[in-house]
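Architecture at a glance
The residues making up each chain are set out below.
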Amino acid sequence: MPLKKPSPGALVLGLIPFVGMCFSVALWDRVDPIILGIPFNIVWLLGWMAISSLCLWAAYRVETKPDKKDERAP
Amino acid sequence: MSPSAVALTTIFAIVAMGSAIGFLAGVHRKMDLEQWTVGGRGFGPLLMYLLMAGETYTTFSFLGASGWAYSRGGPTLYILAYITLTFVVSFFILPQLWEVARQHRLQTQSDFFQLRYGNKYLASLVSLAGVAFLIPYFQLQLTGLGIIVSISSFDGIGRTSAMVISVVVLTAFVLTGGVRAVAWVSVLKDLLMVFAALAVGIGIPYIQFGGIRPMFAALLKAHPAHLTMPGATTNLGHTWFVSTVLLTSLGGCMWPHVCGASFTAKNGDTLRRNYVIMPLYSISLAFVFFAGFTAVLVAPGLANGDLSLLTVARQSFPAWFLGVIGGAGALTAMVPASILVLTAATLFAKNLCRPLFAPSLTDHQVGRLSRLMVVVLSIVSLYLAIYSSSTLVSLLLLGYAGVTQFFPGMVLGLYWKRVSTIGVFAGLIAGLTLVAVLMLSNQDPFHGWSAGFVALCVNLTVTVALSLVFVSEPRASASAF
């Protein structure tokens, strides 16, 4: 059975957290504005942890949908 | 009772409870090699989740993260980014690896290299490097246990005796239970750990400063540059951040024990669903940082930042509650330590000794040899932990620099037909050599870049270039790729 590679759509969804949390560090690594008493860079990362879960959830939907069609196909 | 007796009794009770759960999980199961290493490949979503979470929250993320928050400041934020991105990378690699593992009944990461590249020397090198780089990770957990016991005893018990006691308990636990025991102890461990993280992250700033907001305000007034990169360091800036986050997030699922844990899943979807949830779960980690930041002002001048969380907890809470935090911390070291030593021992026996020196060993004998290796590796790591003074984070970064060198061989092996044995072999040797040279000559970071990441780039280039030049002979067992 050939290995099923991740679909391009799912890969793009996986790239989003890398842009938000890694490559863009110079843009968000600062203290101000302080939000709810917490410095901005920490708030930014916490926010992106939640967004990353959302991205993976979307990627999960993309990855599992075609699977079912494959199984039904003759 | 004296405060140290109260704290130590509480820790002991928690560890005993954890061990009891572990022993019970191991009873009444036939412990063959498959059951001991991959739990019979039958872990559903819940057990799987527990095992994964169990591997995420280690002493590193508890004492190490707060330690770096204390001693380095801003650069410690790399931990939040890398833990999250590790799950993103794992999402695209481990379910596929699981599929291959199921079809060919693989038990370890090296089994995959043997299957894909058909070269026992390459597979043995992967095993050897795997064992070698698991040792600093294991050593880190022992060091953490030593810190916990010695601080909770109000310095009454030395770190060395604390580590010796811990190793004995740990070894007994791994030998009887195998991977299933470890997964079940994670239930208690993770409940306590999330509770402890919230307690120290909210409670300590509240007790010392009246809340998180005034704590940060006071910290920024006293040390305005501490919370951004490079923080209290001179060389851990944004380049270091990006290269280290890439190194560690790509390497996160290259750990032999992470591959091993993924094989315990019932199916690939179980794994995917786990990775969806894990970043949300990891948010609780941020609270551990708050405790470290509080310690900057409350407990300045500690020789070793790794002591900061417990030192400030000892100043803030009554002894029994210090015991609860210490107990959570102790389980948080013991659960991953068990997985690490179990993986290293199995790799050594099954993927290094058997193929190279004793091909006639039966599975049963390999199982016995693995158990012996659990004892040997524990003693080696104990020795290293007693005589080394590295911080917890630098130990982990050393391990990552090493295991991430498996990335080209694993990922190209899964997704690129053309990748050849000679390419992967040469790339891996180049990467590992460069890591050894740069790390041993203290050149990490290398011109601002993480040394392990530089080595990974060289490794990948060599692998791809040689694969394009030399075409591998087609092999029967590689037909699945």
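The text that follows walks through the structure, step by step, so that each part is easy to find. (Residues numbered from 1 in each chain as written. Chains lettered and ligands numbered in written order. Predicted model: local features only at pLDDT ≥ 70, side-chain atom pairs only at ≥ 80, totals over all residues.)

Examining the overall build of chain A
If you tally the helices and strands in chain A, you get three helices and zero strands. Within the span of chain A, comprising 74 residues, buried residues form 31% of the whole. For chain A, restricting intrachain contacts to residue pairs at least 6 apart in sequence, the fraction spanning at least 24 positions comes to 65%. (Helix = DSSP H or I, 4+ residues; strand = E, 2+ residues; numbered from the N terminus. Buried ≥ 20, exposed ≤ 12 C-beta atoms within 10 Å, placed from the backbone. Contact = placed C-beta atoms within 7 Å.)

With respect to helix 20 (residues 451-469) of chain B
In this model, helix 20 of chain B (19 residues) spans 27 Å end to end at C-alpha, consistent with the 27 Å of a helix rising 1.5 Å per residue. Among all positions of helix 20 of chain B, only Ala451, Gly452, Phe453, Val454, Ala455, Leu456, Asn459, Val462, Thr463 and Ser467 of chain B are buried. (Expected span 1.5 Å × (residues − 1).)

Digging into the interface of chain A and chain B
Between chain A and chain B, the residue contacts involve 35 residues of the former and 40 residues of the latter. Put simply, the parts of the chain that give the side of chain A that touches chain B at least two residues each are helix 1 (8-23), helix 2 (25-28) and helix 3 (40-72) of chain A. Here the side of chain A that touches chain B takes 15 residues from helix 3 of chain A, the largest share from any one element. Along the lines of polarity and charge, the residues of the side of chain A that touches chain B split into 25 nonpolar, six polar and four charged. (Nonpolar A, V, L, I, M, F, W, Y, C, P; charged D, E, K, R; others polar.)

Focus: the packing of helix 4 (residues 59-71) of chain B against helix 17 (residues 392-403) of chain B
Residue and element names in this part refer to chain B. The geometry of helix 4 relative to helix 17 is characterised by a closest axis approach of 8 Å and an angle of 120° between their N-to-C directions. Between helix 4 and helix 17, the interaxial angle falls into the category oblique. Along the contact surface, helix 4 presents Thr59, Phe60, Leu63, Gly64, Gly67 and Trp68, while helix 17 presents Leu392, Val393 and Leu396. Across the contact of helix 4 with helix 17, the residue classes tally to six nonpolar, three polar and no charged. (Axes fitted to C-alpha atoms, helices over the stretch in contact; angles between N-to-C directions. Parallel < 35°, antiparallel > 145°, perpendicular 65-115°, else oblique.)

Some thoughts on the environment of Lys266 of chain B
Mapped onto the secondary structure, Lys266 of chain B falls in the loop between helix 11 (256-263) and helix 12 (268-282). By C-beta crowding, Lys266 of chain B is classed as partly exposed, having 16 other C-beta atoms within 10 Å.

Topic: unusual backbone geometry
Across the junction of Asp32 of chain A and Pro33 of chain A, the peptide omega takes the value -5°, indicating a cis bond. Its location among the elements puts Pro33 of chain A in the loop between helix 2 and helix 3. The residue after Met229 of chain B, namely Pro230 of chain B, is reached through a cis peptide bond having omega 5°. The topology assignment puts Pro230 of chain B in the loop between helix 9 (212-222) and helix 10 (238-251). Residue Asn442 of chain B is not a glycine yet carries a positive backbone phi of 55°.

Quick look at helix 9 of chain B
Those residues of helix 9 of chain B lying buried are Ile212, Met215, Phe216 and Leu219 of chain B. Down the axis of helix 9 of chain B, the buried set is contained in an arc of 95°. They therefore lie on one face. (Arc of directions from axis to C-beta.)

Comments concerning the nonpolar core
Generally speaking, nonpolar side chains in soluble globular proteins are found buried as a group. Judged by nonpolar contacts, the single largest core of 188 residues is most densely connected at Ala81, Val200, Val341 and Ala344 of chain B. A per-element tally of this core places helix 15 (residues 319-356) of chain B first, with 21 residues. Discounting chain neighbours no more than four positions away, the residues touching Ala81 of chain B are Met21, Cys22 and Leu45 of chain A together with Val245 of chain B. (Core = buried A, V, L, I, M, F, W, Y, C linked by C-beta atoms within 7 Å.)

Some remarks on the environment of Gly268 of chain B
Residue and element names in this part refer to chain B. Relative to the helices and strands, Gly268 is located in helix 12. Separated by 170 residues in the primary sequence, Gly268 and Trp98 have C-alpha atoms spaced 6.3 Å apart. Discounting residues that sit within four places of it in the chain, Gly268 has contacts with Pro95, Trp98 and Glu99.

Focus: the environment of Thr294 of chain B
Residue and element names in this part refer to chain B. Topologically, Thr294 is positioned in helix 13 (residues 286-298). Look at Thr294 and you get buried, because 33 C-beta atoms sit within 10 Å. For Thr294 and Ile204, which are 90 residues apart along the polypeptide, the C-alpha to C-alpha distance reads 7.3 Å. Not counting the four nearest positions on each side in its chain, Thr294 is found in contact with Ile204, Pro205, Gln208, Met215 and Val312.

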